[in-house]
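Observations on chain architecture
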Amino acid sequence: MRSIKVLLFVMALCLLTTPSWAQEAEPTAEISWPPPVYVLRGEVSLRGTVNLPGMTSYYIEYRALDDDLTAPDSRAFLPVTLPSGTPVVDDVLGTWDTGNVADGLYEIRLNVVTPGGEMMRQVLGPLRVENERMADEDMGMVVEEVTPVPDESPRVTARVNANVRTGDSTAFRPIDALLTGESAPILGVSSRGSGWYQIALPNGRRGWISDVVVLVSGNIENLPRIVPPPLPPPPTLTPIPANADLVVEWINFEPQQPRCNESFQISAQVANIGAGNSGASGVILVQDWHINSGTITATTNGGFPALEPGQRFTAVMNLTVSTFYNEGHRLNITLDTANAVAESNEGNNAANRDYTLAQAGC
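Read on for a plain summary of the structure. (Residues numbered from 1 in each chain as written. Predicted model: local features only at pLDDT ≥ 70, side-chain atom pairs only at ≥ 80, totals over all residues. Heavy atoms only, no water.)

1. Concerning unusual backbone geometry
With an omega of 5 degrees, the peptide bond between W33 and P34 qualifies as cis. Turning to its location among the elements, P34 is positioned in the loop between β1 (29–33) and β2 (38–40). The backbone phi angle of D90 is positive, close to 45 degrees, even though this residue is not glycine. With respect to the element layout, D90 can be found in strand β6 (residues 88–97). With a relative accessible area of 44%, D90 lands in the partly exposed category. At N326, a position not held by glycine, the phi torsion is positive, near 60 degrees. (Helix = DSSP H or I, 4+ residues; strand = E, 2+ residues; numbered from the N terminus. Buried < 20%, exposed > 50% of the residue type's maximum accessible area, 1.4 Å probe, protein only.)

Encoded structure:
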């Protein structure tokens, strides 16, 4: 058994069965999977429900957390999904490819634009991404089938690393965990019909574990039905004023491969994916970086007009790069560097494109 401090490193598979008495989904907006304190790897399907009446759109973002599970306000959220206006009920809201981020702690945020132009948000975390470490372990891992030990008393044996929670749902907080192959005696089954078992932990505490992540041994026909704690209230969605949200949707070059010491044209499509008008024009900063050295080789500026929600503008700028030919360069484009536009998300104003600078006349 491990203490709760190591739960950030424990993979849990906690699947819920839908109660038979639930006939239709109530209007809500929440991410239901993955649960907090969960280890992610590769492409992760983010499941939940977003079906607020008349909503304009929703999208999901992420940002890194520090070791104390906090993040400064200045640390921006980055996009996971593009905005969608299609309601979703207990299904996939989007897919997060965690292979594109460094291993560590993160939180994700669901943003929903309501009919009145307000933004509703749910923040979910902490979550741990462990692609590199888990890949190294997989190279030498020997998979062994877990065989339940015969026992006269009812017991559960974990088929995978699984959280033990204060109630019979992933909505309850974890208090401990059973690692693969570890066992615990069963005290009873949930009277709510969820199928979860209440178990006794070695430290004397009692907790709940899902029936889909364990093997059961012993006679469970006469298990007592135990009333679990009331379900926690749904997460609070805090309304915020409707603001613009500026993003760079794509970047093109003309010619397609820039040439050393020759001017080339840069086209960048700027879009307002927020719920409010940008209210003001803004500045576009263009910087060319030499990838290997991190040196800024050239800069220029452009601009964009005030944009209505959903409106797009193609900005055209010219740039000449005269160093590090036949090597990799990265063109960074940042919107609204003067912060003249109030945005619902200030962390998604940049985009980049890599290219190799041709030698030409240099």
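2. Quick look at the packing of aromatic side chains
For any pair of aromatic rings, geometry is given as the distance between the ring centres together with the angle between the planes. Under the counting rule described, the total for this entry stands at seven aromatic pairs. Cluster of aromatic residues (ring-pair linked, three or more members): Y62, W96 and Y106. For R109, the ring lying beneath its charged end belongs to F77, and the centroid distance is 3.8 Å. The aromatic ring of F253 is capped on one face by R353, whose charged end is 4.6 Å from the ring centroid. (Phe/Tyr/Trp six-rings, centres within 6.5 Å; stacked < 30°, edge-to-face > 60°. Lys NZ or Arg CZ within 6 Å of the ring centre and 35° of its normal.)

3. Some words on the state of the cysteines
Following the criterion strictly, the structure yields one disulfide and no others. Here C260 pairs with C362 through a disulfide, and the sulfurs are 1.8 Å apart. Residues C260 and C362 are joined through a disulfide that is left-handed, its torsion about the S-S bond being -90 degrees. Linking C260 in the loop between β17 (246–254) and β18 (264–272) with C362 in the segment after β23 (350–356), this pair joins segments that are 102 residues apart in sequence. (Disulfide = S-S within 2.5 Å.)

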